[in-house]
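# Report on the structure
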Amino acid sequence: MSARHDAVRIIEAKRDGRELDDDEIDWIVDGFTRGVVAPEQLSALAMAIYFRGMTEREISRWTTAMVGSGTRMDLSGLTRGGRVVPTVDKHSTGGVGDAITLVLTPLLATWDVAVPQLSGRGLGHTGGTLDKLESIPGWRADLDADEMRAVLTRTGAVICAAGADLAPADRALYALRDVTGTVPSIPMIAASIMSKKIAEGTGALVLDVKFGSGAFLADPADAAELARVMVEIGAAAGVRTSALVTANHTPLGRAVGNALEVAEAREILAGGGPADMVDLTCALALEALAAVGIPDADPRARLVDGRAMDSYRAMISAQGGDPDAVLPRAAHVEEVRAPASGPIRWDALGVGRASWLSGAGRTRPGEAVDPGAGVMLHRVEGEHVRVGEVVATVHAGDTARLPAALDEVAAAFGTGPDRGPAGVVTERLRGW
């Protein structure tokens with residue numbers, strides 16, 4: 001091993017603010033993947049990156065190296081009805097009440113496109129798409145590459161878990177970042193998200209980058225910067241990438257919790273549902289369709305006329321689920337009443353934590369979640385309430401979980417000037 005490729009020297013270089021070259025980045029990512037570079041060494045490098053940052057060239061090369069640590073899917077020849085169709089995907093940085101994927105994926109598939117949506121599980125106060133869908137009896141998240149391609153060919157839409165061979169270096173690095181206080185690093189967040197999406201093989205990608213108390217990043221300026229970096233990474237990798245920067249100061253929609261959010265998604269697919277969820281779904285749909293050359297689309301019409309619901313039913317059925325099944329319900333439901341009168345304000349983080357405490361989330365990977373647990377908001381941001389009115393209900397399967405969850409909802413409630421709904425788009429960036 002040359003001195004130039006010595007892990008300690010690379011750590012020292014970044015610690016001292018020097019830009020790493022391509023060979024150094026390739027070597028240390030590959031070495032970590034193969035076990036040559038020790039976890040504590042990459043943890044030290046992650047901390048150095050957290051404080052020193054990375055240049056755009058470094059971020060792009062780091063992303064490429066993580067993609068190269070595993071396999072890259074090729075969906076370029078995917079067909080529907082005997083014709084090759086473009087692929088487009090959406091990624092959200094996560095937020096409270098964000099069940100957009102459950103609606104957007106089948107909605108997009110009503111056009112001549114294929115939507116390979118590789119999703120994850122929740123940890124902490126933000127829910128995971130796979131956890132939500134697993135509340136549907138029979139639905140299966142784990143598909144191999146051939147099964148995924150077959151579902152896409154048949155229905156145009158799939159939501160499933162990413163295979164272990166897609167960007168494995170990122171999976172291992174994230175585990176280190178999670179326990180070393182280095183998660184909130186824009187270069188590493190951007191590379192983590194984009195390495196998985198590029199490895200997935202999609203031709204186009206729309207990003208929903210959230211800010212606010214319920215989001216990963218609280219500051220809108222940080223969200224805009226993350227969006228800009230990811231759009232540039234995508235463009236450099238040949239993926240037509242755009243991003244919407246959206247608000248999550250208050251929960252998106254009314255439901256926060258796995259089966260509760262599936263029920264709300266079904267309501268939207270049937271032509272109803274909360275206006276903020278519908279508006280953001282349609283904004284993301286228009287952006288995704290524009291990326292694959294389908295202008296002047298009308299996603300709202302396809303939510304109303306039943307086409308989106310038909311697509312959803314086909315997608316769920318193709319993955320073993322029963323789209324008509326009764327969803328799990330919590331055994332215990334407690335009301336929360338307004339302690340004061342005035343225009344209501346909900347803190348997204350508090351509501352998300354309440355849902356997590358009720359049993360809808362997990363504190364460590366692999367922990368079971370309660371599919372029926374969560375919080376349902378009966379009055380949302382900006383609505384005027386009177387003392388004593390029911391403003392929310394907390395759902396739990398275990399009564400022992402209710403007190404802490406109820407306290408969290410009560411603390412999340414407030415009154416004051418209307419800040420506007422969640423999901424408002426504050427910025428749009430395109431790399432094409």
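Here the structure is a predicted model, which means the values were calculated and not measured.

Calculation notes
Residues numbered from 1 in each chain as written. Predicted model: local features only at pLDDT ≥ 70, side-chain atom pairs only at ≥ 80, totals over all residues. Heavy atoms only, no water. Salt bridge = Lys/Arg side-chain N within 4 Å of Asp/Glu carboxyl O. Helix = DSSP H or I, 4+ residues; strand = E, 2+ residues; numbered from the N terminus. Buried < 20%, exposed > 50% of the residue type's maximum accessible area, 1.4 Å probe, protein only. Expected span 1.5 Å × (residues − 1). Axes fitted to C-alpha atoms, helices over the stretch in contact; angles between N-to-C directions. Parallel < 35°, antiparallel > 145°, perpendicular 65-115°, else oblique. Contact = heavy atoms within 4.5 Å. Pairing = 2+ DSSP bridges. Core = buried A, V, L, I, M, F, W, Y, C linked by side-chain atoms within 4.5 Å. Patch = residues over 30% accessible without salt bridge, like charges linked within 9 Å, V, L, I, M, F, W, Y side chains within 5 Å. Areas by Shrake-Rupley, 256 points an atom, 1.4 Å probe, with all protein chains shown as cover. Phe/Tyr/Trp six-rings, centres within 6.5 Å; stacked < 30°, edge-to-face > 60°. Lys NZ or Arg CZ within 6 Å of the ring centre and 35° of its normal.

A separate point is the pattern of salt bridges. One pass over the structure, following the stated rule, counts 32 salt bridges. Its salt-bridge partner being D22, residue R57 comes within 2.4 Å of it at the nearest N-O pair. One end of the pair, R57, is in helix 4 (residues 56–67); the other, D22, is in helix 2 (residues 22–34), and 35 residues separate them in sequence. Take D22: its relative accessible area is 28%, and that puts it in the partly exposed class.

With twelve residues, helix 11 (residues 258–269) ought to run about 16 Å at 1.5 Å a step, and its terminal C-alpha atoms sit 17 Å apart, in line with that. Taking burial as the measure, the twelve residues of helix 11 include ten buried ones, the bulk of the element. Residues of helix 11 that are buried include every one of N258, A259, L260, E261, V262, E264, A265, R266, I268 and L269, and no others. The first or second residue beyond helix 11 is G271, which carries a positive phi of 95°.

This paragraph deals with the packing of helix 5 (residues 100–108) against helix 14 (residues 307–318). For the pair helix 5 and helix 14, the least separation of the axes is 8 Å and the interaxial angle reads 100°. On the basis of their axis angle, the class for helix 5 and helix 14 is roughly perpendicular. Across the interface between the two elements, L102, T105, P106 and L107 from helix 5 touch A308, S311, Y312 and M315 from helix 14.

Below, the discussion takes up the sheet that holds strand 12 (residues 384–385). Strand order in the open sheet made by the three strands is 12-10-14, with antiparallel pairing throughout. Only two strands of the sheet have a single neighbouring strand rather than two, namely strand 12 and strand 14 (413–415). Note: strand 10 (residues 342–346) against strand 14, three bridges, orientation antiparallel. Residue pairing in the sheet places I344 in a bridge with T415 of strand 14.

Counting residues in hydrophobic clusters, the biggest one holds 64 residues, and the most contacted among them are I28 and W62. The leading source of residues in this core is helix 9 (residues 186–200), at nine residues. Every residue in contact with W62, bar those within four places of it in the chain, is listed here: I25, I28, V29, L45, I49, M54, L173 and A191. Counting 48 residues, the second largest nonpolar core, distinct from the first, contains V88, A259, A285 and I294.

The next thing to look at is a nonpolar patch on the surface. Side chains of M47, Y50 and F51 sit close together on the surface and give an oily, nonpolar patch of about 310 Å² of accessible area. The exposure class of Y50 is partly exposed, given its relative accessible area of 33%.

Across all of its chains, the model carries two aromatic pairs by this definition. Ring geometry for Y50 against F51: centres 5.1 Å apart, planes inclined by 90°, an arrangement best described as edge-to-face. Plain terms: the ring middles of W346 and F413 are 5.6 Å apart, the flat faces sit at 75° to each other, and that makes the pair edge-to-face. You can see W346 sitting in strand 10 and its partner F413 sitting in strand 14, a full 67 residues away along the chain. An identical accessibility class is assigned to W346 and F413; each is buried. The cationic tip of R302 hangs over the ring face of W111; the distance from NZ or CZ to the ring centre is 3.9 Å.

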